[in-house]
Amino acid sequence: MSVDRTALIKKLTDANGLPGDEGEIRNIIRTELEGHTDSIITDRLGNLIVTKNSGRPGLHIGLSAHMDEVGMAVLRINEAGLLTIGTFGVDPRLLPSKIVSIGKDKVKGVIGTKPVHMTKPDERERAIDLDALYIDIGASTKEEAEKSVSLGDFVYFDSEFVEFGERKIKAKALDDRLGCAVMIEILKSDVKTPITAIFCSQEEVGLRGSAVAANRAHVDVYINLEGTVSADMPSTDAHERVTVLGKGPALSLIDRTSVYLKEYINKIVAAAEENGIPYQYRATGAGGTDAANYHVAHGGTPVIGLATPCRYLHSPVSVCDLRDYENTVKLVRAFIQKYGNSARAES
Amino acid sequence: MPINTAVLKKVCEAFGPSGHECQVREVILEDLKGCYDDYQVDVLGNLIVHKKGDGPKIMLAGHMDEIGFIVTYIEDEGFIRFSNIGGFDPFMLVSRRVIFANGVQGVIRSERLENFRTELSQSKLYIDIGAPNKEHVEKLVKVGDVAVYSASFYADEYKVMTPALDDRVGCFIMMETLKQLKNPKFDCYFVFTTQEEVGLRGAKTSVYTVDPDYGLAFDVTGAFDTPKALKYSMKMGGGACIKIKDASVICHKAMIDFLTKVAVDNNIKYQYEILDMGGTDTGAIHVHKSGVISGCISVSSRYIHGDAEMCAQSDIEDCINLTVKALETGI
């Protein structure tokens, strides 16, 4: 494991980017990619679209991962200076007692709840309603709070990247900064084939960035890179674990928004097996990804779905195994090496 | 003229859950030999058959895919866990026979549940192919393999009863239309689409390729003539359904009026289809670019998405006649 690699993931996950507010992530990616691309543009929805090796012969490969993460926004500031919040893709049951970071100035706050001494027996039996939660930023009045936060400010989990255990990392937003990191590594490598890489905005609120980016890009095949659910707990039946940490990148068969083409599943499996790279299948039909928009773009484009398994997805403490991440990078590289020189897809 | 049930049988029996329609495509192409000017197959597997004609461009669409199952996990003991391809009610699946592309058959059953009525869900179901363990199963069935209902085609003088009637009957209507068609007043693109059951996805890419002036889909719709059925007007044997709306589309008035006039002028039995649920390829076609004048001709069918979907042969005949006359009349 190179220091660079963990440093890159740390940089990407410590940064903030809710749907529609991906600027900080875009800037990091732009800086990382300086000197490694032909063009980098930001479109009107905030997608960052990067090209490399344009005009060279070979299969034109599209890579995509989304920059946005789940989080919250300030909806109301009450007379006591406390903030009421709305959520984007976060389960409200996770929120009590979390530290958060608000707006551009990263104002610190805590999500408070009634202490256990004060709760009634029935309150202890169920999750706390979102309406009963508020952020305390240490202000005593509305006016005081308004000096540092505004209505509509985005609220982020305050959770730093940590390495622990056997090659594990904990961070927020592994979904889908891991995908962004894979793309950065590929774009900085010595690949020879033409690549269009799409760092998407607004995936978590309905695959919106990719709906626009798919109109612009014309490629022969996409690889959509994700962080996906791993429910590999002893209490979960084996067939419902979706993916298992440490067993390699997960290939998509089907989800709510795409049926992945068998021909291309077979291609990436061949690349994995020839190079001794472990892989697993994503054992569920649930979920949806940006592949939804790419595969029906134009007259149809093949998409491969590839994901790094993550425990505790959409929480401040997502956990992944760095070996799965490394194998995801290896597998994308192996695919490009195996098929990059072939002629354009027959059509 | 009675319908050619031998061709319908062949099309219904072809294996083709969403995303895996190649066998259906081959059956259709083989049967249509010599009836078209040219054809192409796109990335998503849509079969686009061109029959030249003098007039505006029309895209006819019937979907080749059927609902099915995909293997997600194989247990050590050999039981196969699966996800659905298209919409299913888990209660309808228990004890159904299924068949994989290689011919291997199995049965869907549920784990033992304390309370079957409240606890049953897709994730409690498994396919049992009777092999002793995972190692033996994997010689026959692998993760990612797909299956469909295993049940036979049946036709007598009134009806057809078969799995995959949705929407092989639509494909069949288009095939028979193409065979009978003389001097069409449209430039006709017969598109046998893919992935309709999972979200009209094949229609999205094929309408981009064809870029038509008019759109006309062919699909099944409900028949609400069974005991205590919901209050909709479509009946099995009530004639070709001219769609007015479903959950995916409000059909264009110009298309509804055109089809109605053709039916009246040619004494073809028809009924209107108004449905609050469901969707069909018209849903994807009519919003292409700045809009396509679109409609749908449906076959009123009972027990859709079961393994014994049923419709009247007379309705199929009416649909074929209406389509042939419409294309030969021009809008």
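Residues numbered from 1 in each chain as written. Chains lettered and ligands numbered in written order. Predicted model: local features only at pLDDT ≥ 70, side-chain atom pairs only at ≥ 80, totals over all residues. Heavy atoms only, no water.

## Notes on the pattern of salt bridges
All names here are of chain A.
- The tally for this structure, following the rule as stated, stands at 37 salt bridges over all chains.
- For glutamate 32, the salt bridge goes to lysine 188, with nearest N and O atoms at 2.7 Å. Highlighted residues: glutamate 32 in helix α2 (residues 23-33) and lysine 188 in helix α4 (residues 174-188), separated in sequence by 156 residues.
- Exposure remark for lysine 188: the relative accessible area of 35% places this residue in the partly exposed category.
- Because the salt bridges share partners, they merge into one network encompassing Arg5, Arg167, Glu185 and Glu326. (Salt bridge = Lys/Arg side-chain N within 4 Å of Asp/Glu carboxyl O. Helix = DSSP H or I, 4+ residues; strand = E, 2+ residues; numbered from the N terminus. Buried < 20%, exposed > 50% of the residue type's maximum accessible area, 1.4 Å probe, protein only.)

## Here we look at the sheet that holds strand β16 (residues 303-310) of chain A
Residues and elements named next belong to chain A.
- Taken in spatial order, the eight strands line up as β1-β2-β12-β3-β13-β16-β14-β15 in an open sheet, and their pairing is mixed. Two strands close off the open sheet at either side, each with one partner strand: β1 (39-42) and β15 (280-281).
- On the sheet, α2 packs against β1, β2 (48-52) and β12 (195-200) and is oriented at approximately 170° with respect to β1. (Pairing = 2+ DSSP bridges. Contact = heavy atoms within 4.5 Å. Axes fitted to C-alpha atoms, helices over the stretch in contact; angles between N-to-C directions.)

## Thoughts on the interface of chain B and chain A
- Taken together, the contacts link 27 residues of chain B with 24 residues of chain A.
- Taking both partners together, chain B and chain A bury about 2000 Å²; carbon and sulfur atoms supply 63% of that area.
- It is B:Val43, B:Arg201 and B:Tyr208 in chain B that bury the most area against chain A; as a group they hold 26% of the surface buried on that side.
- At the boundary of chain B and chain A, one finds one salt bridge. (Buried area = accessible area lost by both parts, 1.4 Å probe.)

## Some thoughts on the packing of aromatic side chains
All names here are of chain B.
- Inspection of every chain in the model, using the stated rule, returns 15 aromatic pairs over all chains.
- Pairing phenylalanine 69 with phenylalanine 82 gives two aromatic rings, centres 5.5 Å apart and planes at 85°, and the pair type is edge-to-face. Remark: phenylalanine 82 occurs in strand β5 (residues 80-85) and phenylalanine 69 occurs in strand β4 (residues 68-74); sequence separation between them is 13 residues.
- The exposure class of phenylalanine 69 is buried, given its relative accessible area of 1%.
- With relative accessibility at 6%, the residue phenylalanine 82 sits in the buried group. (Phe/Tyr/Trp six-rings, centres within 6.5 Å; stacked < 30°, edge-to-face > 60°.)

## Some details on helix α8 (residues 253-265) of chain B
Residue and element names in this part refer to chain B.
- Helix length check: α8 (13 residues) gives 18 Å between terminal C-alpha atoms against 18 Å at 1.5 Å per residue, within 8%.
- Regarding α8, the residues found buried are Met255, Ile256, Phe258, Leu259, Thr260, Val262 and Ala263.
- Where the residues of α8 are buried, they touch β13 (214-222), β14 (240-245), β15 (270-274), β16 (293-301) and α10 (313-329).
- The first or second residue beyond α8 is asparagine 267, which carries a positive phi of 55°. (Expected span 1.5 Å × (residues − 1).)

## Looking at the packing of α4(A) against helix α8 (residues 322-339) of chain A
All names here are of chain A.
- It is at 10 Å that the axes of α4 and α8 come closest, and there the two elements cross at 45°. Taken together, α4 and α8 sit at an angle that is classed as oblique. Crossing of α4 over α8 shows right-handed handedness. Residues Leu178, Ala181, Val182, Glu185 and Ile186 of α4 pack against Tyr325, Thr328, Val329, Val332, Arg333 and Ile336 of α8.
- Considered class by class, the residues forming the contact of α4 with α8 number eight nonpolar, one polar and two charged. (Parallel < 35°, antiparallel > 145°, perpendicular 65-115°, else oblique. Left-handed = near helix turned anticlockwise from the far one by under 90°. Nonpolar A, V, L, I, M, F, W, Y, C, P; charged D, E, K, R; others polar.)

## Quick word on the environment of B:Gly237
Residue and element names in this part refer to chain B.
- One can find glycine 237 in the loop between β13 and β14.
- Along the primary structure glycine 237 and serine 300 are separated by 63 residues, whereas in three dimensions their C-alpha atoms are 7.7 Å apart.
- When near neighbours in sequence (up to four residues on either side) are disregarded, glycine 237 contacts Lys269, Ala312, Ser314 and Asp315.

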